[in-house]
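What follows is the residue order along each chain.
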Amino acid sequence: MLNEEERQLQQLARTFTQREIVPQAAELDRTKAFPQAIYDQALALGLLNLTVPEAYGGAGLGCLALTLVTEELCRGCVGVGATLSINSLAADAIIYHGSEEQKRWVLPRLVAGELASYAATEPGGGSDVAGLQTRAVRDGDDYVLSGSKTWISNANLASFLVVFARTGAGGSRGLSVFIVERGTPGLRIGEPLDKLGQRCAPTCEVFFDGCRIPASQRVGEEGQGFRIAMDAFDHSRPMVAAFGVGVHARCLEESLAYAQTRQTMGQPIIRHQLIAAKLAEMSTSLEAARLLTYRAAWLIDHGQRNTLAASQAKLFAAESVMAAATEAVQIFGGMGYSTEYPVEKLFRDAKVLQIYEGTSEIQKLVIARELQR
Ligand code: CS8
């Protein structure tokens, strides 16, 4: 199903993950430290910023290549995988909607190793994009931004943010998108928030207090912000589904190894049919999630609208990885509840996959709407 180039890229990411991420995952979870050394090595190996076009120094690959690499990184640690791949969300808004000047300004910087954040979610909510409150008021050749964001990935390290703000009336037609440089007066970024899982992936509050930026930093036309956000999600949801597939694959790997060695009642627990059934189900849902994810990525790579497929992949991957992580803890029993074994971390890491990049409930809403188109 995959071509030779895709297989090689997947293998490169797999080997890198096994060597560099797996041994450090537990410690990064404890310290909550951004995995800078892993980031630098992955960048040097060409595993990051895959979708940036070659004209701006990137690999010029598609969404499928991104999901293949992301799945492998997240098999090692989804905190690491997420924080390494999240540049692509901000990049996509600029790749598909930015001016030539904006692309030349920011895309080569990502390829050189800078980080960018995608700032949509606000304290008032993440699901209702059309209801966001941050304002951008036109003042001559500038816009002045006021408001706040939260849960913004990598914001404390980002060189620039792609910010969604209201320029017009309420609703989906009143939003616009801006590039805001780190250090712009009126921009303040909070410390990383503490959280249940994916702890080495920083997420921060962001505050705009009379933050003045030139109008040339608006991405697309005024009022196009909602469409740009939805379009970015069509590209990013397969990637986030791949986060889930990576964690799911690790759940199966750990559970299978444990079930083959752990003995109860005189035999390895995999010989107990109720445990064997859990593994059978875990492997079947993994393959289904993977195929949905590849399909959603493939469709958009081939110029086809993938909104339905992307939401189906994100929904199924998130729900099935949570079920798999729950069963992994169950298979490990008391050891599954212990921080000395890896599965409690998989369980904690999995939960947010049902929440970010559109909750499972939002994915169902999108799917139901797409079915009626
Ligand atoms: O608001 C929409 C939605 O998708 N909400 C979820 C938002 C979301 O995903 N938030 C997550 C925040 S970002 C994040 O989590 C990053 S963290 C990630 C990983 C971190 C790792 C460390 C909605 C609820 C589906 C839409 O709701 P409505 O407000 O009801 O809008 P609609 O009426 O459906 O649409 C308005 C118009 O837009 C058009 N539209 C909608 N979807 C699309 C797509 N492509 C193109 N156009 C679209 N996908 C729609 O047709 C409407 O057009 P009209 O012409 O106005 O009728």
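Residues numbered from 1 in each chain as written. Predicted model: local features only at pLDDT ≥ 70, side-chain atom pairs only at ≥ 80, totals over all residues. Heavy atoms only, no water.

Draft legend 1. Geometry of the overall build of the chain. Scanning the chain for helices and strands turns up 12 helices and 10 strands. Reported as C-alpha extents along the three principal axes, the dimensions of the chain are approximately 80 × 45 × 40 Å. Within the span of the chain, comprising 373 residues, buried residues form 55% of the whole. Here the contacts in the chain between residues at least 6 apart in sequence split such that 75% fall between residues at least 24 apart. With an accessible surface of roughly 16000 Å², the chain has 53% of that area assigned to carbon and sulfur atoms. Where the 36 positive side-chain charges of the chain centre and where its 41 negative ones centre are 4 Å apart. (Helix = DSSP H or I, 4+ residues; strand = E, 2+ residues; numbered from the N terminus. Buried < 20%, exposed > 50% of the residue type's maximum accessible area, 1.4 Å probe, protein only. Contact = heavy atoms within 4.5 Å. Areas by Shrake-Rupley, 256 points an atom, 1.4 Å probe, with all protein chains shown as cover. Lys, Arg positive; Asp, Glu negative; His and termini not counted. Charge placed at Lys NZ, Arg CZ, Asp CG, Glu CD.)

Draft legend 2. Layout of the site of the ligand. Ser-127, Arg-173, Arg-237, Glu-357 and Arg-369 are the nearest of the 25 residues found near the ligand. Contacts to the ligand include Arg-173, whose side-chain N or O atom sits 2.7 Å from an oxygen atom. Within the side chain of Arg-369, an N or O atom sits 2.4 Å from an oxygen atom of the ligand. For the ligand, the accessible surface in isolation is 1200 Å², of which the surrounding protein chains cover 77%. Looking at which element gives the most residues to the shell around the ligand, the answer is helix H8 (residues 225–261), with seven residues. Considered class by class, the residues forming the shell around the ligand number 11 nonpolar, seven polar and seven charged. (Near = heavy atom within 4 Å. Polar contact = N/O pair within 3.5 Å; in protein donor to acceptor, adjacent residues only side chain to side chain. Nonpolar A, V, L, I, M, F, W, Y, C, P; charged D, E, K, R; others polar.)

Draft legend 3. Geometry of the packing of aromatic side chains. For the structure on display, the rule yields eight aromatic pairs. When the centroid spacing of 6.0 Å and the interplanar angle of 65 degrees are considered together, the rings of Phe-332 and Tyr-341 count as edge-to-face. In this structure an aromatic cluster arises from ring pairing among Tyr-118, Phe-164 and Phe-233. (Phe/Tyr/Trp six-rings, centres within 6.5 Å; stacked < 30°, edge-to-face > 60°.)

Draft legend 4. Representation of the pattern of salt bridges within the structure. Taken as a whole and judged by the stated rule, the model has 24 salt bridges. With a closest N to O distance of 3.0 Å, Arg-212 and Asp-142 form a salt bridge. In this pair, Arg-212 sits in strand E7 (residues 203–214) while Asp-142 sits in strand E3 (residues 142–153), placing the two residues 70 residues apart along the sequence. Relative accessible area serves as the criterion here: at 40%, Arg-212 is assigned to the partly exposed category. (Salt bridge = Lys/Arg side-chain N within 4 Å of Asp/Glu carboxyl O.)

Draft legend 5. Seen up close, the UniProt feature "domain: Acyl-CoA dehydrogenase/oxidase C-terminal" (unreviewed entry) in the chain. Annotation from UniProt places "domain: Acyl-CoA dehydrogenase/oxidase C-terminal" (unreviewed entry) at residues 223–371. Across residues 223–371 one finds 76% helix and 3% strand; the C-alpha atoms that close the span lie 26 Å apart. (UniProt positions renumbered as here; feature names shortened; annotations may be inferred.)

Draft legend 6. Fine view of the environment of Gln-267. Its location among the elements puts Gln-267 in strand E10 (residues 267–268). Relative accessible area serves as the criterion here: at 26%, Gln-267 is assigned to the partly exposed category. Beyond its immediate chain neighbours, meaning those up to four positions away, Gln-267 contacts Arg-262 and His-272.

Draft legend 7. Broad picture of the nonpolar core. With 68 residues, the main nonpolar core has Leu-107 and Phe-164 as its most contacted residues. Examining the composition of this core, we find that 15 residues originate from one element, H8, more than from any other. Discounting residues that sit within four places of it in the chain, Leu-107 has contacts with Val-52, Pro-53, Tyr-56, Ala-91, Ile-94, Ile-95 and Gln-102. One finds Ala-13, Phe-16, Ala-25 and Tyr-39 within the second-largest nonpolar core, a separate group that totals 21 residues. (Core = buried A, V, L, I, M, F, W, Y, C linked by side-chain atoms within 4.5 Å.)

Draft legend 8. Looking closely at the side chain of Glu-122. Residue position: Glu-122 is located in the loop between strand E1 (115–119) and strand E2 (135–139). Setting aside chain neighbours within four positions, we find Glu-122 in contact with Leu-132, Gln-133, Thr-134, Ser-148, Lys-149, Thr-150 and Phe-164.

Draft legend 9. Layout of the UniProt feature "domain: Acyl-CoA oxidase/dehydrogenase middle" (unreviewed entry) in the chain. Per the UniProt record, the feature "domain: Acyl-CoA oxidase/dehydrogenase middle" (unreviewed entry) sits at residues 118–211. What you have in residues 118–211 is 0% helix and 50% strand, and the ends, taken at the C-alpha atoms, are 17 Å apart.

Draft legend 10. Fine view of unusual backbone geometry. One non-glycine residue with positive phi stands out, namely Asn-49, at about 50 degrees. Examined against the element boundaries, Asn-49 turns out to sit in the loop between helix H3 (36–45) and helix H4 (63–76). Under the relative-accessibility criterion, Asn-49 is labelled buried at 12%. Phi is positive for Asn-154, close to 60 degrees, though the residue is something other than glycine. Its location among the elements puts Asn-154 in the loop between E3 and strand E4 (158–166).

Draft legend 11. Summary view of the packing of helix H1 (residues 4–21) against H4. Relative orientation of the contacting elements H1 and H4 amounts to 20 degrees, with a least axis distance of 8 Å. One way to sum up the angle between H1 and H4 is to call them roughly parallel. For the pair H1 and H4, the crossing hand works out as right-handed. Residues Glu-6, Leu-9, Gln-10, Ala-13, Arg-14, Phe-16, Thr-17 and Ile-21 of H1 pack against Leu-64, Ala-65, Leu-68, Val-69, Glu-72, Leu-73, Arg-75 and Gly-76 of H4. For the contact of H1 with H4, the per-class residue count stands at nine nonpolar, three polar and four charged. (Axes fitted to C-alpha atoms, helices over the stretch in contact; angles between N-to-C directions. Parallel < 35°, antiparallel > 145°, perpendicular 65-115°, else oblique. Left-handed = near helix turned anticlockwise from the far one by under 90°.)

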